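# Report on the structure
Now for the letters of each chain:
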Amino acid sequence: MFEKLSKKIGFTETEIFVILFLAGLFICGFIYVEFIKNDTAEYKHIDYSKQDSLFAYYSNLNTEFDPDDSMVDSNLEIKRRVLELSDTLAYATKDISSLTEKSINLNTAGISELIKLPGIGEKTAEKIIQLRNTRGNFKRIEELMDVSGIGEVKFNNIKMYLYID
């Protein structure tokens with residue numbers, strides 16, 4: 001029987017057997033779910049009001065939200081420190097107009113000077129100084145890309161403000 005069927009369809013006997021087995025399994029499963037299994041699903045009520053209020057508070061959707069609240073500022077500061085996103089928040093408030101070309105000596109600059117650079121926050125500035133102290137003075141400005149957090153794009157944005165003595 002499988003031989004004749006396999007010649008007509010173009011499948012091997014093994015392929016036909018597997019297809020018939022899967023079809024039988026599907027039919028058995030359908031019969032079990034529809035006729036034998038009599039479980040009715042119990043729906044549980046889950047209260048998400050606490051999470052919703054936190055979401056609204058942090059996403060500025062709450063009409064009672066006060067953007068001048070010092071608690072919000074401290075929470076944002078904590079998030080910035082925990083996530084090490086100092087570049088993101090500080091970059092928005094930086095005034096880079098005070099920077100001029102070749103205005104910061106990479107080998108003598110402190111944290112306060114390095115933070116003035118676009119995209120460089122306190123953590124990255126500390127890493128630059130740590131690398132400088134570990135290796136000695138920078139010989140080339142390109143060595144700055146060895147600092148984790150400074151890639152080619154960020155380096156290209158700040159190299160015009162840097163020089164080496």
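Residues numbered from 1 in each chain as written. Predicted model: local features only at pLDDT ≥ 70, side-chain atom pairs only at ≥ 80, totals over all residues. Heavy atoms only, no water.

## Some points on the nonpolar core
Within the largest apolar cluster, 20 residues are counted, with the highest numbers of intra-cluster contacts made by Leu114, Leu117, Ile128, Leu144 and Leu162. Of all the secondary structure elements, the ones that give two or more residues to this core are helix 7 (122–135) and helix 8 (152–158). Sort the elements by how many residues they give to this core and helix 7 lands first, with four residues. Beyond its immediate sequence surroundings of up to four residues, Leu114 is in contact with Ile104, Leu106, Ala109, Ile120, Ala125, Ile128 and Ile129. (Core = buried A, V, L, I, M, F, W, Y, C linked by side-chain atoms within 4.5 Å. Buried < 20%, exposed > 50% of the residue type's maximum accessible area, 1.4 Å probe, protein only. Helix = DSSP H or I, 4+ residues; strand = E, 2+ residues; numbered from the N terminus. Contact = heavy atoms within 4.5 Å.)

## Remarks on the confidence of the model for the protein chain
In this model, the protein chain carries an average pLDDT of 79, and 74% of its residues clear a pLDDT of 70 or more. A low-confidence stretch, residues 86–92 stays under pLDDT 50, and its non-local contacts, those more than four residues away or across chains, total 14 contacts. (pLDDT = per-residue confidence, 0-100.)

## A short note on unusual backbone geometry
We note that Lys102 has phi near 55 degrees; this positive angle belongs to a residue other than glycine. The topology assignment puts Lys102 in the loop between helix 5 (86–93) and strand 1 (104–105). Owing to a relative accessible area of 46%, Lys102 belongs among the partly exposed residues under this scheme.

## A closer look at the environment of Ser98
Its location among the elements puts Ser98 in the loop between helix 5 and strand 1. On the basis of relative accessibility, which here comes to 54%, the residue Ser98 falls in the exposed class. The spatial distance from the C-alpha of Ser98 to the C-alpha of Lys116 is 8.7 Å, given a sequence separation of 18 residues.

## Side note on the side chain of Asn107
Inspection of the secondary structure puts Asn107 in the loop between strand 1 and helix 6 (111–115). What makes Asn107 buried here is its relative accessible area of 11%. Of the polar contacts made by the side chain of Asn107, one reaches the backbone nitrogen of Phe138; its length is 2.6 Å. Ignoring any residue separated from it by four or fewer positions in sequence, one finds Asn107 in contact with Arg132, Asn137, Phe138, Ile164 and Asp165. (Polar contact = N/O pair within 3.5 Å; in protein donor to acceptor, adjacent residues only side chain to side chain.)

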